[in-house]
Amino acid sequence: DTGVSQDPRHKITKRGQNVTFRCDPISEHNRLYWYRQTLGQGPEFLTYFQNEAQLEKSRLLSDRFSAERPKGSFSTLEIQRTEQGDSAMYLCASSIAGGRYNEQFFGPGTRLTVL
Amino acid sequence: TQLLEQSPQFLSIQEGENLTVYCNSSSVFSSLQWYRQEPGEGPVLLVTVVTGGEVKKLKRLTFQFGDARKDSSLHITAAQPGDTGLYLCAGRGIQGAQKLVFGQGTRLTINP
């Protein structure tokens, strides 16, 4: 399978714990995006990387959130001191910089539940 | 802030009927993408439109980008139960913006 992959698919944690999610983009894609989707809503942009550089962060990305893409391939999203409001689907997408339409292809998501 | 409003939010129709979903904004977008999402999965890209007035067809689905590139529509002809899902429109802003701005989605149910 050559699509975007995310791990884990589901995560249940207690409030106050830290969690980390991983995203592996399509192999030739140099842009990687993180979005968050809550129930009944469309995805909301969190941040994106071009290669290893983090080029944009949303105001939604509080100080408890940090994303990395150290080698320009896979990325991790860490949430520290989780809160119940962090419960959501976390989606990763990738695209090719300079691609004709910057089409973004999404992974299956990580469903986070904070108890 | 760029916003995309989708209507209707929910639509339940019988197999064989036609339907149209709308995606509207007061902002201009450089391109607009339509996705379909199944429960518990990520969105799957259906089509991208980039030129004002552009029409693209994907089997029984017809996508149109408004002349001013502020709105779009998705028309499904002779809907099938397999068309059931959440349809999302997403716009990319002008001036080099990379992030997508999504509508809240239209949940479509096709009853056999």
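Read on for an overview of the structure. (Residues numbered from 1 in each chain as written. Chains lettered and ligands numbered in written order. Predicted model: local features only at pLDDT ≥ 70, side-chain atom pairs only at ≥ 80, totals over all residues. Heavy atoms only, no water.)

**Focus on the pattern of salt bridges**
Thinking step 1. One pass over the full model with this rule turns up eight salt bridges over all chains.
Thinking step 2. D83(B) serves as the salt-bridge partner of R60(B), at 2.9 Å between the closest nitrogen and oxygen. On the criterion of sequence distance, the pair formed by R60(B) in the loop between β6 (55–58) and β7 (61–65) and D83(B) in the loop between β8 (71–76) and β9 (85–93) is long-range, its members being 23 residues apart.
Thinking step 3. By relative accessible area, which is 29% here, R60(B) ends up partly exposed.
Thinking step 4. Of the residues examined, D83(B) reaches a relative accessible area of 5% and is grouped as buried.
Thinking step 5. What you see here is one network of salt bridges that share partners, running through R64(A), E83(A) and D86(A). (Salt bridge = Lys/Arg side-chain N within 4 Å of Asp/Glu carboxyl O. Helix = DSSP H or I, 4+ residues; strand = E, 2+ residues; numbered from the N terminus. Buried < 20%, exposed > 50% of the residue type's maximum accessible area, 1.4 Å probe, protein only.)

**Focus on the packing of aromatic side chains**
Thinking step 1. Scanning the entire structure with this criterion turns up 10 aromatic pairs over all chains.
Thinking step 2. On the basis of an interplanar angle of 90 degrees and a centroid distance of 5.4 Å, the ring pair of F106(A) and Y35(B) is categorised as edge-to-face. A residue pair is termed interchain when its members come from two chains, as with F106(A) in strand β10 (residues 105–106) and Y35(B) in strand β4 (residues 29–37). Across the pair, exposure class does not vary: F106(A) and Y35(B) are buried alike.
Thinking step 3. Clustering of aromatic rings is evident, with ring pairs tying together Y33(A), Y35(A), F45(A), Y48(A), F106(A), Y35(B) and F102(B).
Thinking step 4. Looking at R22(A), its charged tip hangs above the ring of F74(A), at a distance of 3.9 Å from the centre. (Phe/Tyr/Trp six-rings, centres within 6.5 Å; stacked < 30°, edge-to-face > 60°. Lys NZ or Arg CZ within 6 Å of the ring centre and 35° of its normal.)

**So, the sheet that holds strand β3 (residues 19–24) of chain B**
Residue and element names in this part refer to chain B.
Thinking step 1. Pairing is antiparallel in the open sheet, where five strands are placed in the order β1-β3-β8-β7-β6. Two strands in the sheet have a free side with no partner beyond their single neighbour: β1 (5–7) and β6. Averaged over neighbouring strand pairs, the angle between their axes works out to 15 degrees when direction is ignored.
Thinking step 2. In this sheet, β7 lies alongside β6 in antiparallel orientation, the contact comprising four bridges. Bridge pairing in β7 places L58 opposite L61. (Pairing = 2+ DSSP bridges. Axes fitted to C-alpha atoms, helices over the stretch in contact; angles between N-to-C directions.)

**Concerning the layout of surface pockets**
Thinking step 1. Size it by volume and the second largest pocket reaches roughly 330 Å³.
Thinking step 2. Lining the second largest pocket are 19 residues, and of these Q37(A), L39(A), G40(A), L86(B) and R107(B) lie nearest its centre.
Thinking step 3. The residue makeup of the lining of the second largest pocket, split by class, is five nonpolar, 10 polar and four charged. (1 Å grid on protein atoms, 1.4 Å probe; cavity = no way out; pocket = protein on both sides within 12 Å on 5 of 7 lines; lining within 4 Å. Points joined across faces, edges and corners; volume = space filled by probe spheres on them. Nonpolar A, V, L, I, M, F, W, Y, C, P; charged D, E, K, R; others polar.)

**Concerning the sheet that holds strand β3 (residues 19–24) of chain A**
Within a sheet, neighbouring strands are paired by backbone hydrogen bonds and run either parallel or antiparallel to one another.
Residues and elements named next belong to chain A.
Thinking step 1. Spatially, the four strands line up as an open sheet ordered β1-β3-β8-β7, and their pairing is antiparallel. Bordering the open sheet on either side are β1 (5–7) and β7 (65–68), each of which pairs with just one other strand. Direction aside, neighbouring strands of the sheet carry axes that sit 15 degrees apart on average.
Thinking step 2. The pairing of β1 with β3 spans three bridges and is classified as antiparallel. Along β3, the bridge assignment pairs S5 with D24.

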